[in-house]
There are 4 protein chains.
Amino acid sequence: MINRVVLVGRLTRDPELRKTQSGTSVCSFTMAVGRRVSTQGQPDADFINCVAWNKTADLMTQYLHKGSLIGLEGRIQTRSYDNQQGQRVYITEVVAESVQFLEPKNAQSGYSAPSQDYGMNQGFAQNTYAAPVQNGYNQNPYSNPVQNTNNAFDSTFNADDSLDIASDDLPF
Amino acid sequence: MINRVVLVGRLTRDPELRKTQSGTSVCSFTMAVGRRVSTQGQPDADFINCVAWNKTADLMTQYLHKGSLIGLEGRIQTRSYDNQQGQRVYITEVVAESVQFLEPKNAQSGYSAPSQDYGMNQGFAQNTYAAPVQNGYNQNPYSNPVQNTNNAFDSTFNADDSLDIASDDLPF
Amino acid sequence: MINRVVLVGRLTRDPELRKTQSGTSVCSFTMAVGRRVSTQGQPDADFINCVAWNKTADLMTQYLHKGSLIGLEGRIQTRSYDNQQGQRVYITEVVAESVQFLEPKNAQSGYSAPSQDYGMNQGFAQNTYAAPVQNGYNQNPYSNPVQNTNNAFDSTFNADDSLDIASDDLPF
Amino acid sequence: MINRVVLVGRLTRDPELRKTQSGTSVCSFTMAVGRRVSTQGQPDADFINCVAWNKTADLMTQYLHKGSLIGLEGRIQTRSYDNQQGQRVYITEVVAESVQFLEPKNAQSGYSAPSQDYGMNQGFAQNTYAAPVQNGYNQNPYSNPVQNTNNAFDSTFNADDSLDIASDDLPF
DNA sequence: TTTT
DNA sequence: TTTT
């Protein structure tokens, strides 16, 4: 069934990496997404809890920070657990399947971008979508796609598509 | 900022209409949205709390019921309130901006569709998207749009968006 | 970068399966998606060209037909080719990454659903997203996800995520 | 029916404003949206034709330019016309319903941002989605929404949608 | 006809 | 060239 979320907003705090017992990376964060229509005396943003896994979690922790502007694709997930008081707590959050860094290369925000090419920030800034000069399009509409390797951001920053997205034990 | 949700799923219970003090209709409901990837021993669906307002709330209450299959477009909203115990409770829910009824006309689910044309169910089933016979497209790409009136479902079931998106003559 | 499309609409004709030289399945189809706001004297729908690959293509051909109601997630793709007259032709179409069948089991449309459980139609129709009564949620928020096997529709009807989505030669 | 598109990408050229005979603003532009998976020898982006109307068209022309990074929400529209050679030409394009400027305030790209607050660029850049420390949320879940006036970007850059989505008092 |  |  269709369960699709797209958000553009900013991180409300530095992302923090955790590991499951089996060593899977997981990163929880909150996005502040500005509202188009505001309510008197209310915040102008929604504060949406999100979670990212694996490489996406690693890269977010490495290159993003409080205030970073990102685009996110994912889905809504609900779950629950029983707290210490024995009450069931229900959680609604967004599972990130793909995260796009939307800050410019020269963003100055108290952190320094990695100096080699594979940093998401740099990789993205340097993106050379191979500007198609005179015949930019695909002559053969159905040729074989290959994983994009010359773009650190896009190639590394997406959910590794199913299988081991999660782990079998709780990190918190 | 971008905050977009699209869901297709089923209602977990009959929608229930409430009224604000000022008489505005509001309807809370939960959608069960099946997961593509399931977790062992876990439910195969997410149970997403949603809220609809005004005419959408009225129509949902009138024509939908537990188990109804719908498509929904909206956005994620977060809010909070203090409960009786003085604890702050945080809520994440989807605000429906548009709801589409996806059951066929002949759906038999213990309720009877309204017998006149304005029932969403019937209106939808009878939809005659004016099959464009020989020149189905818009000759004038930018002619004046008008609110669709011959389709009870679509005309009434969305947040009442702007009328004058386009103009009545060609600019090029 | 974000390029996300969600459509709910009907097939304007039976899907037709083609094979690339390397044997990859590909299926082109058009979805009619009703408009909320119509333009006087114009069709009430958009007719959106789409393409599906691999297993999705196979299943669509097998179980869908003219008029079938589907939900689709995908992305917009542009390409071009030179026609016989030596003119460059530009194409904008939607690449389906996931297709959901939205007809009820008892749909009677001149085709017969498969008699065993793995038909997309049946699998889907039998889904009983049984509303979780008192403990519907996930006790362990981060347990290991596995491929959904008890739902023919969802498990088989999605793009096999990268790698061999396309082929290296033209099927048409 | 659901027809939803979300794009994040860059303008391939300066937007150009046109007027219909009745004076309505319309602006056509193309977005380059990078692909995650590329095809050997092919461009790494899709070049998606879009159109915006009214105030959105005005603001895009005023503040955006070739290379500007934007987020866009809209829908796919198809239309056709007969060209001079008497052939029918089919068009698939995206109608922008909301456009978000994603460049930072200090973007230097050969144009100068407006010096008063209502420039989309400035208004947006000044957004301080101040992370809600202890009580960031909405105490009253259903208070009356008003058009956001303190944010030039968001208040002016969207298709002029409905005002009365909510109500002014709590129903529960 | 394509953007960083 | 369009679906209910």
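The model shown is predicted, which means the values in this text are computed figures rather than measured ones. (Residues numbered from 1 in each chain as written. Chains lettered and ligands numbered in written order. Predicted model: local features only at pLDDT ≥ 70, side-chain atom pairs only at ≥ 80, totals over all residues. Heavy atoms only, no water.)

**Topic: the overall build of chain A**
Along the backbone of chain A there are three helices and eight strands. The order of α-helices and β-strands along chain A, N terminus first, is β-β-β-β-β-α-β-β-α-β-α. Each of the 172 residues in chain A was classed as buried or not, and the buried ones make up 61%. Of all intrachain contacts in chain A linking residues separated by at least 6 positions in sequence, the fraction that spans at least 24 positions is 61%. (Helix = DSSP H or I, 4+ residues; strand = E, 2+ residues; numbered from the N terminus. Buried < 20%, exposed > 50% of the residue type's maximum accessible area, 1.4 Å probe, protein only. Contact = heavy atoms within 4.5 Å.)

**Description of unusual backbone geometry**
Of note in this structure, A:Asn54 is not a glycine but carries a positive phi near 55 degrees. You can see A:Asn54 is positioned in helix H1 (residues 54-63).

**Considering the pairing of strand S6 (residues 69-82) of chain D**
All names here are of chain D. Among the 14 residues that make up S6, twelve are buried, leaving the element largely enclosed by the rest of the structure. Across six bridges, the pairing between strand S1 (residues 3-11) and S6 is antiparallel. Counterpart to Val-6 in the pairing with S6 is Glu-73. Looking at chain direction, S6 and strand S7 (residues 88-101) are connected through 13 bridges and run antiparallel. Residue Glu-73 lies in a different strand from S7, and its bridge partner there is Ser-98. The hairpin formed by S6 and S7 contains five residues between the paired strands, and Gly-86 there has a positive phi angle of roughly 75 degrees. (Pairing = 2+ DSSP bridges.)

**Some thoughts on the state of the cysteines**
Tallied over the full model, the rule gives zero disulfides over all chains. No disulfide involves C:Cys27; its sulfur sits 9.5 Å from the nearest other cysteine sulfur, which is in C:Cys50. (Disulfide = S-S within 2.5 Å.)

**Details of the nonpolar core**
Within soluble globular proteins, side chains that are nonpolar generally end up buried alongside one another. Formed by 104 residues in total, the largest nonpolar core has its most connected members in A:Phe29, B:Phe29, C:Phe29 and D:Phe29. In contact with A:Phe29, not counting residues within four places along its chain, are A:Leu11, A:Arg13, A:Ile48, A:Asn49, A:Cys50, A:Val51, A:Ala52, A:Met60, A:Ile70 and A:Leu72. (Core = buried A, V, L, I, M, F, W, Y, C linked by side-chain atoms within 4.5 Å.)

**Some remarks on the environment of B:Val5**
Examined against the element boundaries, B:Val5 turns out to sit in strand S1 (residues 3-11). Looking at B:Val5, the relative accessible area reads 0%, which means it is buried. A C-alpha to C-alpha distance of 7.9 Å links B:Val5 and B:Leu72, two positions 67 residues apart in sequence. Among all residues touching B:Val5, those that are not within four sequence positions of it are A:Arg4, A:Val5, A:Ile76, B:Leu72, B:Glu73, B:Gly74, B:Arg75, B:Ile76 and B:Val94.

**Let's talk about the pairing of strand S5 (residues 45-53) of chain A**
Two faces belong to every sheet, and in a regular strand the side chains alternate between them. Residues and elements named next belong to chain A. Here S5 lies mainly inside the structure; eight of its nine residues are buried. In terms of strand pairing, strand S3 (residues 25-34) meets S5 through nine bridges, oriented antiparallel. When the sheet's bridge partners are listed, Phe-29 is paired in S5 with Cys-50.

**Overview of the pattern of salt bridges**
All names here are of chain A. Per the counting criterion, the structure on display carries 34 salt bridges over all chains. For Glu-103, the salt bridge identified is with Arg-10, shortest N-O distance 3.3 Å. Residue Glu-103 is found in the loop between strand S7 (88-101) and helix H2 (120-125), and its partner Arg-10 is found in strand S1 (residues 3-11); the two are separated by 93 residues along the sequence. Assessed through its relative accessible area of 11%, Glu-103 is described here as buried. (Salt bridge = Lys/Arg side-chain N within 4 Å of Asp/Glu carboxyl O.)

**A short note on the confidence of the model for chain A**
Of the residues in chain A, 60% reach a pLDDT of 70 or more, and the chain-wide mean stands at 71. Counting contacts from residues 160-172 of chain A, a segment whose pLDDT is below 50, to residues more than four positions away or on other chains yields 44 contacts. (pLDDT = per-residue confidence, 0-100.)

**Focus on the side chain of C:Ser68**
All names here are of chain C. On the secondary structure map, Ser-68 appears in the loop between helix H1 (54-63) and strand S6 (69-82). You can call Ser-68 buried: its relative accessible area is 0%. Filtering out sequence-adjacent residues up to four positions away, Ser-68 remains in contact with Gly-9, Arg-10, Leu-11, Phe-101 and Glu-103.

**Re the environment of D:Asn83**
Residue and element names in this part refer to chain D. Secondary-structure assignment places Asn-83 in the loop between S6 and S7. Classification of Asn-83 as buried rests on a relative accessible area of 14%. Of note is the side chain of Asn-83, whose polar atom sits 2.8 Å from the backbone nitrogen of Gln-87. (Polar contact = N/O pair within 3.5 Å; in protein donor to acceptor, adjacent residues only side chain to side chain.)

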